[in-house]
Amino acid sequence: MLSTSFDATIWKETPFYMISYDKTKQLLIIHFHENDCVTFEPVSENLVFQLIISTDKQRFIEEQLEPLQQKRELA
């Protein structure tokens, strides 16, 4: 699993400070500032790259990642 930190001075109002991704398991963990972690799966590597370069990360999480989590809860 690889992790990437986000510098608040560069990224401004990002809702999280770090993401961790396991390419083999397609597992994404987002580490939020409130010390909460949320796990999303399956998440493609392409989707992780889209999150990283997204200018509105909160909206991206809500529109692209949260539906994945809801589908998993229904299964």
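Thresholds, definitions, all that
Residues numbered from 1 in each chain as written. Predicted model: local features only at pLDDT ≥ 70, side-chain atom pairs only at ≥ 80, totals over all residues. Heavy atoms only, no water. Salt bridge = Lys/Arg side-chain N within 4 Å of Asp/Glu carboxyl O. Helix = DSSP H or I, 4+ residues; strand = E, 2+ residues; numbered from the N terminus. Buried < 20%, exposed > 50% of the residue type's maximum accessible area, 1.4 Å probe, protein only. Phe/Tyr/Trp six-rings, centres within 6.5 Å; stacked < 30°, edge-to-face > 60°. 1 Å grid on protein atoms, 1.4 Å probe; cavity = no way out; pocket = protein on both sides within 12 Å on 5 of 7 lines; lining within 4 Å. Points joined across faces, edges and corners; volume = space filled by probe spheres on them. Nonpolar A, V, L, I, M, F, W, Y, C, P; charged D, E, K, R; others polar.

Colleague: Even after reading the chapter, I still don't get the pattern of salt bridges, so can you show me in this structure?
Modeller: Side chains carrying opposite charge are able to pair once their charged atoms draw close together. This structure, assessed with the given rule, holds two salt bridges. In this structure, the salt-bridge partner of Glu45 is Lys23, at a minimum N-O distance of 3.4 Å. Taken together, the residues Glu45 in helix α2 (residues 45–53) and Lys23 in the loop between β2 (16–22) and β3 (27–32) connect sequence positions 22 residues apart. When the shortest N-O distance is used, the salt bridge between Glu63 and Arg59 registers 2.9 Å. A residue pair is termed a helical-turn pair when its members lie 3 or 4 positions apart in one helix, as Glu63 and Arg59 do in helix α3 (residues 57–74) at four residues. The exposure class assigned to Glu63 is partly exposed, which follows from its relative accessible area of 46%.

Colleague: Where do I start with the packing of aromatic side chains in this structure?
Modeller: Each aromatic ring pair is specified by the distance between its two centres and by the angle formed by the two planes. Summed over the entire model, instances satisfying the criterion amount to one aromatic pair. Measuring from centroid to centroid gives 6.4 Å for Phe16 and Phe32, while their planes differ by 90°, and the two rings are edge-to-face. Linking Phe16 in strand β2 with Phe32 in strand β3, this pair joins segments that are 16 residues apart in sequence. Phe16 sits in the buried class, given a relative accessible area of 0%.

Colleague: Honestly, the layout of surface pockets in this entry has me stumped. Any pointers?
Modeller: A water-sized probe, rolled over the atoms, reveals where empty space remains. One number sums up the size of the largest pocket: a volume of about 200 Å³. Met1, Leu2, Thr4, Ile19, Ser20, Tyr21, Asp22, Lys23, Glu45, Val48, Phe49 and Ile52 together form the lining of the largest pocket. Breaking the lining of the largest pocket down by element, the ones donating at least two residues are β1 (2–5), β2 and α2. Of the residues assigned to the lining of the largest pocket, the class counts are seven nonpolar, two polar and three charged.

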